[in-house]
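A closer look at the structure
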Amino acid sequence: MSARLVVVPMKDPARAKTRLGAVLPPARRARLASLLFTRVLHRLQRAQADATHPFEIATVTASPAIAELAHGLGVRVIPEGATGGLNGAIRQAAGWAVLRGHHGMAVLPGDLAAPTQRDLLALLDRPADPDRVVICASADGGTNALLLPLPARMDFHYGPGSFMAHCAAARAAGLDPETPALASLRHDIDRQEDLSALLTHPLRATLAEVRP
Ligand SMILES: Nc1nc2c(ncn2[C@@H]2O[C@H](COP(=O)(O)OP(=O)(O)OP(=O)(O)O)[C@@H](O)[C@H]2O)c(=O)[nH]1
Ligand SMILES: O=C(O)[C@H](O)COP(=O)(O)O
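This text gives an overview of the structure that appears in the document. Computed from a predicted structure; not experimentally measured.

Cut-offs and rules
- Residues numbered from 1 in each chain as written.
- Chains lettered and ligands numbered in written order.
- Predicted model: local features only at pLDDT ≥ 70, side-chain atom pairs only at ≥ 80, totals over all residues.
- Heavy atoms only, no water.
- Near = heavy atom within 4 Å.
- Polar contact = N/O pair within 3.5 Å; in protein donor to acceptor, adjacent residues only side chain to side chain.
- Helix = DSSP H or I, 4+ residues; strand = E, 2+ residues; numbered from the N terminus.
- Salt bridge = Lys/Arg side-chain N within 4 Å of Asp/Glu carboxyl O.
- Axes fitted to C-alpha atoms, helices over the stretch in contact; angles between N-to-C directions.
- Left-handed = near helix turned anticlockwise from the far one by under 90°.
- Contact = heavy atoms within 4.5 Å.
- Pairing = 2+ DSSP bridges.
- Right-handed = clockwise from strand over helix to strand, strands pointing away.
- Buried < 20%, exposed > 50% of the residue type's maximum accessible area, 1.4 Å probe, protein only.
- Areas by Shrake-Rupley, 256 points an atom, 1.4 Å probe, with all protein chains shown as cover.
- Nonpolar A, V, L, I, M, F, W, Y, C, P; charged D, E, K, R; others polar.

Focus on the site of ligand 1
The environment of ligand 1 is made up of 16 residues, and the closest members are Lys11, Thr18, Arg19, Glu80 and Gly110. In the environment of ligand 1, a nitrogen atom lies 2.6 Å from a nitrogen or oxygen atom belonging to the side chain of Glu80. Contact distances for ligand 1 include 2.9 Å between an oxygen atom and a backbone N or O atom of Gly110. Mapped by element, the contributors of at least two residues to the shell around ligand 1 are β1 (4-10) and α3 (85-99). The biggest single contributor to the shell around ligand 1 is α3, with 3 residues.

Given below as C-alpha cells:
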C-alpha cells in the first residue's frame, strides 16, 4: 500500500476565475489562476519535505498548459477525460489513485490564497485512517480541503454549500467527519473582495507564510 495522494484539480486557466471577469481581463485571469496553482504546488512540496507520513502530489486536469507546468515541477498529472466538471474530475482522480494502490486521497483547490506550512501539515501529515474523513470549509461554505480513505465510500459534492454536503455524505457512508479549524485553508480567490484582501494585506499574507 503506497502513500496518500494529494490532488489539486485545475481547469484550463483560460476558463478559470470567471467570477473575476468584471475586474480582470481574460489574460490576467489566466495568469492569476496559473500563479495561484503554482504557489499551491510549491507549498505542498515544502510540506511534503517535512511530513513524517509521506504523500504524493498530483493534479487532475484537461489542460495541456497545466500538465506541462505540473510536469516541470515534478508533479504527477492525471489526465481528465470528459467528466462533467469538478466532481467528475475528482472521481477520476480517486479511481486513478485506487489503481495505483493509494490508501487515501486529499483534495485541495488550486486557488487557495495563502495556505501555511503549519496548516498543510496539520491536514496532511497524519496516518491512514479507514473510517475518517477530514473536511475544511471555505469562508463561503465550500470545501477547501477534503481528505478521505480509498476506495472512496462517499461521493463528491463540490458546488455551493459543499462543506455541509460533504459532512452529510461522510456520515451517510458511516465515515467519521473531522472538521479542523485551519484558518489559512479557509480562503480561496473567487471574488473581487478575495483579490482585494490579498492585494491590500500583503503583509498579512507574508506573515501567514512565515508563521512557524
Ligand atoms: N480538473 C478540473 N478542475 C476544476 C474544474 N472546475 C474547477 N476546477 C478547479 O477546482 C478549483 C476550485 O474551482 P473554483 O473555485 O470554481 O475556481 P474557478 O473555476 O477557477 O473559478 P470560477 O470560474 O470563478 O468558478 C480550482 O483549482 C479550479 O481550477 C473541472 O471541471 N476540472
Ligand atoms: O468548494 C466548492 O464546493 C466549490 O468548488 C466552489 O466553492 P467556492 O465558491 O468556495 O470556490
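Resuming the write-up.
Description of the pattern of salt bridges
Per the counting criterion, the structure on display carries 13 salt bridges. The salt bridge involving Arg191 is made with Asp194; its shortest N-O contact spans 3.7 Å. When salt bridges with common partners are traced through the structure, they connect Arg126, Asp129, Arg132, Asp176 and Glu178 into a single cluster.

Details of the packing of helix α1 (residues 26-50) against helix α4 (residues 117-124)
Closest axis-to-axis distance for the α1/α4 pair is 9 Å, and the angle between their directions is 60 degrees. α4 is crossed by α1, and the crossing has right-handed handedness. Of α4, the residues touching α1 (which contributes Arg43, Leu44, Arg46, Ala47 and Asp50) are Gln117, Leu120, Leu121 and Leu124.

A closer look at the pairing of strand β3 (residues 76-79)
Sheet topology note: the strand β2 (residues 55-61)/β3 ladder contains 4 bridges and is parallel. When the bridges of β3 are listed, Val60 appears paired with Ile78. What joins β2 to β3 is helix α2 (residues 64-72), and the crossover it makes is right-handed.

A word on the sheet that holds β1
A sheet is described by the order of its strands in space; here 7 strands give the open sequence β3-β2-β1-β4-β6-β5-β7, paired in mixed fashion. At either margin of the open sheet sits one strand with a lone partner, and together these are β3 and β7 (176-178). Strand after strand, the sheet turns through a mean of 25 degrees between neighbouring axes, direction not considered. This element, α2, spans β1, β2 and β3 of the sheet and lies at about 165 degrees to β2. In the packing of α4 onto the sheet, the strands contacted are β1, β2, β4 (104-107), β5 (132-137) and β6 (143-149), and the crossing angle to β6 comes to about 30 degrees.

A closer look at the environment of Leu35
If you trace the backbone, Leu35 turns up in helix α1. With relative accessibility at 45%, the residue Leu35 sits in the partly exposed group. Considering only alpha carbons, one finds Leu35 and Cys136, 101 residues apart in sequence, at a separation of 23 Å.

Here's the deal with the site of ligand 2
For ligand 2, the full set of nearby residues is Arg19, Leu86, Ser138, Asp140, Gly142, Thr143, Tyr158, Gly159, Ser162, Asp188 and Asp190. Between ligand 2 and Ser138, the relevant distance is 3.2 Å, taken from an oxygen atom to a side-chain nitrogen or oxygen of the residue. Asp190 is positioned such that a nitrogen or oxygen atom in its side chain is 2.8 Å from an oxygen atom of ligand 2. In isolation ligand 2 has 310 Å² of accessible area, and contact with the protein removes 82% of it. Here the residues of the shell around ligand 2 sort into 2 nonpolar, 5 polar and 4 charged.

Observations concerning the side chain of Ser34
Relative to the helices and strands, Ser34 is located in helix α1. In contact with Ser34, not counting residues within four places along its chain, are Pro13, Ile66 and Leu69.

Points about the pairing of β4
By the alternation rule, side chains of β4 split into Gly104 and Ala106 and Met105 and Val107, which are all buried. Sheet topology note: the β1/β4 ladder contains 3 bridges and is parallel. Within β4, the residue paired with Val7 across the bridge is Val107. Across 4 bridges, the pairing between β4 and β6 is antiparallel. Of the residues in β6, the one forming a bridge with Gly104 is Pro149.

The quantities given are spatial measurements derived from coordinates; they are silent on function.
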